[in-house]
Amino acid sequence: GAAFTRLQTQCLTRMYPVNLKDRLISYGPCQFPTLGFVVERFRERERFVAEEFWKIQVFYQAEGQNAGGAEDARVEFHWQRQRLFDETFCQAIFDICQERPTATVTQVTGRPVSKRRPVGLTTTEMQKIASRRFRISPAVCLEIAEKLYQQGFVSYPRTETDKFAESMDLAALVQEQTRHSTWGAFAATLLPPNGQPSPRQGKASDDAHPPIHPTKLPDFAALSRAECQVYELIARSFLACCSRDAQGQETKVVVKIADEEFSATALAISDRGYLAVYPYESWSSKQLPVFRVGDTFQPSELRMTSGETTAPALLTEADLLGLMAKNEIGTDATMAEHIRTIQE
């Protein structure tokens, strides 16, 4: 790495003396493939050619008692074919649907669903959430977490472990969080007689440090805004991990219009579980009118629309962290520095 950095710097500064004057053009076995991810995504966008597509949309306006609890509910049924890249073919199907627009309910199914709580917080996951949620760079996030660790507020923040040892006294850590004015009430529900901390265990362990977790409450007035955000992320992630999965009931309704199938899905959340304390993920209820197999209705709107495929977005720092972790480039302690280096 050092030898190639010297060679690369000497060659490129001679080729571009104005733009690269007094610059060090570093090379490393980790930062180079990391930069490769960024360049490849950029090239994907440069090569991308948008394609026009067409689709059929069906809407039903339910009113009164048929709205299933949602007054004047407007429901969109999604085409099973999703979209077509042939306008003539799509137009032909649409014309047939217009000639026979009556929708017949062919299937109504329900099933219990759940949304799993997070596993123990690792360095990479902490950095990804901080980047997406607070626009805090991975390097700065780690610096803040280390400062909080040095002050005794959180555990060691450089870890790849996502499961807690059975010997850890999680109840004492949760008890400390009950003193917080915002999430303290939720923390209390995880302790007897209401419950017991039951963390979702991951599969990774570096055999050195536990997942990142809060150790004591700080004086938030003495912390900066970014420090408060990182501490809150760690505290909420810990409580969510020790909580329970969110539970709900999903209902799917399939209808046919002139042999074309369209479907709509509803979700009724019965227990928000960890989501009550974890704002970094969302899961929203969606109501549907009451449908039964054999019911028929006239769509309130039946239309054919067009659109274009879109180029892949440029990589965010959170995306880059995910790719580095997936390809085992760098460690939890060095990933942020590699990203900072290629930015500089």
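The rules behind each value
- Residues numbered from 1 in each chain as written.
- Predicted model: local features only at pLDDT ≥ 70, side-chain atom pairs only at ≥ 80, totals over all residues.
- Heavy atoms only, no water.
- Pairing = 2+ DSSP bridges.
- Helix = DSSP H or I, 4+ residues; strand = E, 2+ residues; numbered from the N terminus.
- Contact = heavy atoms within 4.5 Å.
- Axes fitted to C-alpha atoms, helices over the stretch in contact; angles between N-to-C directions.
- Patch = residues over 30% accessible without salt bridge, like charges linked within 9 Å, V, L, I, M, F, W, Y side chains within 5 Å.
- Areas by Shrake-Rupley, 256 points an atom, 1.4 Å probe, with all protein chains shown as cover.
- Salt bridge = Lys/Arg side-chain N within 4 Å of Asp/Glu carboxyl O.
- Buried < 20%, exposed > 50% of the residue type's maximum accessible area, 1.4 Å probe, protein only.
- Expected span 1.5 Å × (residues − 1).
- Arc of directions from axis to C-beta.
- Lys, Arg positive; Asp, Glu negative; His and termini not counted.
- Charge placed at Lys NZ, Arg CZ, Asp CG, Glu CD.
- Parallel < 35°, antiparallel > 145°, perpendicular 65-115°, else oblique.
- Left-handed = near helix turned anticlockwise from the far one by under 90°.
- Nonpolar A, V, L, I, M, F, W, Y, C, P; charged D, E, K, R; others polar.

Caption draft 1: Structural context of the sheet that holds strand β2 (residues 74-79). Strand order in the open sheet formed by seven strands is β6-β3-β4-β5-β2-β1-β7, with antiparallel pairing between adjacent strands. The two strands at the open ends of the sheet, each matched to only one other strand, are β6 (296-297) and β7 (301-308). Examined bridge by bridge, β2 and strand β5 (residues 260-271) share two bridges and lie antiparallel to one another. From the neighbouring strand, H78 faces β5, where its bridge partner is S263. Its contacts with the sheet put helix α3 (residues 87-99) on β1 (52-61), β2, β4 (246-257), β5 and β7, and the angle it makes with β7 is roughly 170 degrees.

Caption draft 2: A look at the environment of L191. Tracing the chain through its elements places L191 in the loop between α7 (184-188) and α8 (225-241). Beyond its immediate sequence surroundings of up to four residues, L191 is in contact with A171, V174, Q175, T178 and P197.

Caption draft 3: Representation of a nonpolar patch on the surface within the structure. On the surface, L35, V38 and V39 cluster together to form a nonpolar patch covering roughly 180 Å² of accessible area. Residue position: V38 is located in helix α2 (residues 31-47). Overall, V38 belongs to the partly exposed group, its relative accessible area being 32%.

Caption draft 4: Structural view of the pattern of salt bridges. Tallied over the full model, the rule gives 16 salt bridges. Residues R111 and E250 are paired through a salt bridge, measuring 3.1 Å at the closest nitrogen-oxygen approach. Note that R111 is positioned in strand β3 (residues 103-115) and E250 in strand β4, a separation of 139 residues in sequence. The class for R111 is partly exposed, based on a relative accessible area of 46%. The network of salt bridges with common partners includes R74, E301 and R303.

Caption draft 5: Structural view of helix α1 (residues 2-15). Over its 14 residues, α1 extends 20 Å from the first C-alpha to the last, a length consistent with the 20 Å expected when each residue adds 1.5 Å. Residues T5, Q8 and T9 constitute the buried set of α1. What you see down the axis of α1 is that its buried residues fit within an arc of 105 degrees, all on one side. Away from its buried face, by an angle of more than 90 degrees, α1 presents the exposed residues A3, R6, R14 and M15.

Caption draft 6: Summary view of the environment of F238. As for its position among the elements, F238 is in helix α8. For F238 and V119, which are 119 residues apart along the polypeptide, the C-alpha to C-alpha distance reads 8.6 Å. Among all residues touching F238, those that are not within four sequence positions of it are F164, L170, L173, V174, H213 and P214.

Caption draft 7: Expanded view of a negative patch on the surface. A grouping of E52, D86, E87 and E308 is seen on the molecular surface, where their side chains present a negatively charged patch. Considering the arrangement of structural elements, one finds E87 in helix α3.

Caption draft 8: Representation of the packing of helix α4 (residues 123-134) against α8 in the model. As a packed pair, α4 and α8 sit with axes 11 Å apart at the nearest point and diverge in direction by 125 degrees. What the angle tells us is that α4 and α8 run oblique. Judged by the twist between their axes, the crossing of α4 over α8 is right-handed. Contacts from M126, I129, A130 and F134 in α4 reach Q229, L233 and I234 in α8. In terms of residue class, the contact of α4 with α8 is built from six nonpolar, one polar and no charged.

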